[in-house]
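Reading the structure
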Amino acid sequence: MTQVMAQRGDGGAEVVVVPEAAALAREAAERFVQMAREAVEARGRFSVALAGGSTPGGAYRLLAEAPYRTRVPWEQVHIFWGDERLVPPDDPGSNYGLAQQAFIGLVPIPAENVHRVRGELKPEAAARAYELELEDYFCGPLPRLDLVILGLGSDGHTASLFPGSPLLEETSETVAVARANYQGRPAWRVTLTLPAINAARHVLFLAGGAEKAGIVAAVLGEGGGSLPAQRVCPVAGQVTWLLDRAAAAGLAGEPQGPSQQGEGS
Ligand code: 6PG
């Protein structure tokens, strides 16, 4: 049973804290199922942009398993990505490949419903092709995704929007080429921009592990802020932060680690 302690963060974001990684995966998978069913009920289809990185992997794998798999209306689900590395789809660094192995290749979703960034193309061509695919699906220049799943980098980046990037000032383009140099790994990427992310109906941040406690506290600790993840504030949508207890340890009201509680030596 997932124990969930919900609290409101600054700026109206919902902050949900669960005990540990497995509970984070279950809660994220459950919310995916619920949002998919609600969107299909209301609008006949569900559009979701997936995050890359390691945090969402547990939730992705659960989507291919009982009880989640059979509760998702896969025929009406359309999958996009919040960002993608510019590598071929079979490259170990591909965010598409990560999700394809975790659940997409294991569930009855029509191939035409999987809208990957074509990482095998040159940066500008990949970005343009993805932008056109979004425009085609949403019948216009601004995608209104039902759900955008985002991770949080230790520097406060999200998708491929990095601190200090000029992309943070983008006000009209929905897709851009990003030059990442994260953890010493320079790479070209394609990313949704803030206008696209902030047009979503729901943004679900996933962050887990003690190594994220500092950045989570920095991002959620005070209103406003200029870190990329702090710039995610959908105009007409809801932001939910789904954290495990270790990642939430720096937030007010959360139990601190043993050293702060005077336990141990
Ligand atoms: C990517 C992600 C990126 C990720 C963060 C957190 O392509 O890597 O989109 O924004 O979500 O770097 O990654 P972890 O979940 O591995 O900590």
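See the structure printed just above.
Residues numbered from 1 in each chain as written. Predicted model: local features only at pLDDT ≥ 70, side-chain atom pairs only at ≥ 80, totals over all residues. Heavy atoms only, no water.

Let's talk about the overall build of the protein chain
Scanning the protein chain for helices and strands turns up 7 helices and 10 strands. Taking 265 residues into account, the globule formula puts the C-alpha radius of gyration at 18 Å, and the protein chain, at 18 Å, falls close to it. Summarising its shape, the C-alpha atoms of the protein chain cover approximately 60 × 40 × 35 Å along the three principal directions. Taken across its 265 residues, the protein chain has 53% of its residues classed as buried. (Helix = DSSP H or I, 4+ residues; strand = E, 2+ residues; numbered from the N terminus. Rg over C-alpha atoms; globule rule 2.2 N^0.38 Å. Buried < 20%, exposed > 50% of the residue type's maximum accessible area, 1.4 Å probe, protein only.)

Some remarks on the layout of surface pockets
If a probe as big as a water molecule is rolled over the atoms, it shows which places are left empty. Estimates place the volume of the largest pocket at around 430 Å³. Looking at the largest pocket, it is lined by 24 residues, and the ones nearest its centre are Gly52, Gly53, Ser54, His157 and Tyr182. Split into classes, the residues belonging to the lining of the largest pocket amount to 7 nonpolar, 11 polar and 6 charged. (1 Å grid on protein atoms, 1.4 Å probe; cavity = no way out; pocket = protein on both sides within 12 Å on 5 of 7 lines; lining within 4 Å. Points joined across faces, edges and corners; volume = space filled by probe spheres on them. Nonpolar A, V, L, I, M, F, W, Y, C, P; charged D, E, K, R; others polar.)

Remarks on the pairing of strand E7 (residues 175-182)
Among the 8 residues that make up E7, 6 are buried, leaving the element largely enclosed by the rest of the structure. In the sheet, E7 pairs with strand E8 (residues 185-192) via 8 bridges, with the strands oriented antiparallel. Of the residues in E8, the one forming a bridge with valine 175 is leucine 192. A loop of 2 residues connects E7 with E8, the two strands running antiparallel in sequence, and glutamine 183 in this loop sits at a positive phi of about 55°. (Pairing = 2+ DSSP bridges.)

Geometric values such as these leave the question of function open.
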